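One letter stands for each residue in the lines below.
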Amino acid sequence: DDEAESREEPSTVSNFIVPDARLNSEATVRQLTLAGIFGVIYFALGFPEAIGEYYRFEQNELIMGMTAYIAIKIAGLIALVFFQRGFIVLSVVYDNYLLRVMSLILLASHFLLGAYDIASVFYDAQERLPVLIAAMVMFGVLGIIYGLALRRLDRPLGRSAEVGGILHILAGLCFITVVFGLFGEVVLIGAELVEIVLLFKAIEVVKGRLPGSQVAG
């Protein structure tokens, strides 16, 4: 009996990463709101992180210091987990398996690259350029597939999902070329903004459309 019960109840960690498909409307709205807030935080942290990466790449200098550089990296990864979890929640609500899988793969990829960025501070990372190029191509491929998955939300959530998906696809294509990687970063800024808007729009849609929703507006 204990074994059967343990199989039926997922662990806290797994349920946090991939939420229960039986989420009620209140829980869904609460988690999407949290994701939207952390999306704003992640977006804001992207600017000092980009500045730090620019000076590290161009001048081999940690302009903000090692402690601040690492702190921003870790804070960005934490914010990304909660931000991206909002799309995992949406993938459960709207049965979008591709979005769920790609969100998890993107999270894992960001953590691997973030861990490398932090570790490479402590030694002379001669291999960093080819690693960053390979990562750019990898994120390009993942971004295209993620964009296709995001576009599948256009029917329940409207044009924001389609625009966000197209921007991710465009950014992914730029990353794959490497040469247009900088333009891809600019496009990705727009994609992230649209994703934040999409999460807050989804809150209103979920309030009105989930069966038994009693959430006050």
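These numbers come from a predicted model, not from an experiment.

Conventions used here
Just so you know, the residues in each chain are numbered from 1, in the order the chain's sequence is written. Local features in a predicted model are, by the rule used here, given only for residues with pLDDT of at least 70; side-chain atom pairs are given and counted only at 80 or more, and totals for whole chains, interfaces and linings are based on all residues. Remark: hydrogens and water are excluded; side-chain values derive from all non-hydrogen atoms of the structure. Helix and strand definitions follow DSSP, with helices as H or I runs of at least four residues and strands as E runs of at least two, each counted in order from the N terminus. In this scheme, a residue with accessible area under 20% of its type's maximum is buried, one over 50% is exposed, and one in between is partly exposed, where area comes from a 1.4 Å probe on protein chains only. The contact definition used throughout considers only heavy atoms, calling two residues in contact when any of these lie within 4.5 Å. For every accessible area listed, the method is Shrake-Rupley and the probe measures 1.4 Å; residues are considered covered only by the protein chains on display. By convention in these notes, a salt bridge is any Lys or Arg side-chain nitrogen within 4 Å of a carboxyl oxygen on Asp or Glu. Only buried residues count toward a nonpolar core, which is a set of Ala, Val, Leu, Ile, Met, Phe, Trp, Tyr and Cys residues joined through side-chain atoms within 4.5 Å. Pairs of N or O atoms are called polar contacts if they sit within 3.5 Å, as long as, within protein, a hydrogen donor faces a hydrogen acceptor (for residues adjacent in sequence, only side-chain-to-side-chain pairs). Here the aromatic set is Phe, Tyr and Trp, taking the six-membered ring for Trp, and pairing holds for ring centres within 6.5 Å; pairs whose planes are under 30 degrees apart are stacked, those over 60 apart are edge-to-face, and all others are tilted.

Moving on, we come to the overall build of the chain. Across its full length, the chain carries nine helices and zero strands. Seen in sequence order, the chain has helices and strands lined up from the N terminus as α-α-α-α-α-α-α-α-α. Looking at the chain as a whole, 43% of its 217 residues qualify as buried. The long-range fraction of contacts in the chain, counting pairs at least 24 apart against all pairs at least 6 apart in sequence, stands at 71%. Surface exposure of the chain reaches about 11800 Å², of which carbon and sulfur atoms provide 65%.

Moving on, we come to the pattern of salt bridges. By the definition in use, this model includes seven salt bridges. The shortest N-O distance in the salt bridge between Arg-151 and Glu-162 comes to 3.4 Å. Of this pair, Arg-151 sits in helix H6 (residues 128-151) while Glu-162 sits in helix H8 (residues 159-177); the two residues are 11 residues apart in sequence, bridging distant segments of the chain. Residue classification places Glu-162 among the partly exposed positions, given a relative accessible area of 22%. Glu-162 is the partner of Arg-159 in a salt bridge, and the nearest nitrogen-oxygen pair spans 3.9 Å. Note that Arg-159 and Glu-162 are positioned in helix H8 at a spacing of three residues, about one turn of the helix. Take Arg-159: its relative accessible area is 59%, and that puts it in the exposed class. The network of salt bridges with shared partners includes Glu-49, Glu-53, Lys-73, Asp-117 and Arg-128.

Counting 34 residues, the largest nonpolar core has Leu-32, Phe-87 and Leu-90 as the members making the most contacts within it. Of all the secondary structure elements, the ones that give two or more residues to this core are helix H3 (25-59), helix H4 (66-93), helix H5 (97-119), H6 and helix H9 (181-209). Element by element, the count of residues in this core is highest for H4, at eight residues. If we ignore the near neighbours within four places in the chain, the residues touching Leu-32 are Gly-86, Val-89, Leu-90, Leu-199, Ala-202, Ile-203 and Val-206.

Among the structural elements, Asp-117 can be located in helix H5. A polar atom in the side chain of Asp-117 sits 3.1 Å from the side chain of Arg-128. Asp-117 has contacts with Glu-53, Arg-56, Tyr-69, Lys-73, Arg-128 and Leu-132, leaving out every residue within four places of it along the chain.

Throughout the structure, instances matching the rule amount to six aromatic pairs. Ring centres of Phe-38 and Phe-82 lie 4.5 Å apart, and the angle between their planes is 20°; on these two criteria the pair is classed as stacked. Here Phe-82 lies in helix H4 and Phe-38 lies in helix H3, a separation of 44 residues in the sequence. On the basis of relative accessibility, which here comes to 23%, the residue Phe-82 falls in the partly exposed class. Put simply, the rings of Tyr-42, Phe-83, Phe-87 and Tyr-146 touch in pairs and so form one group of aromatic residues.

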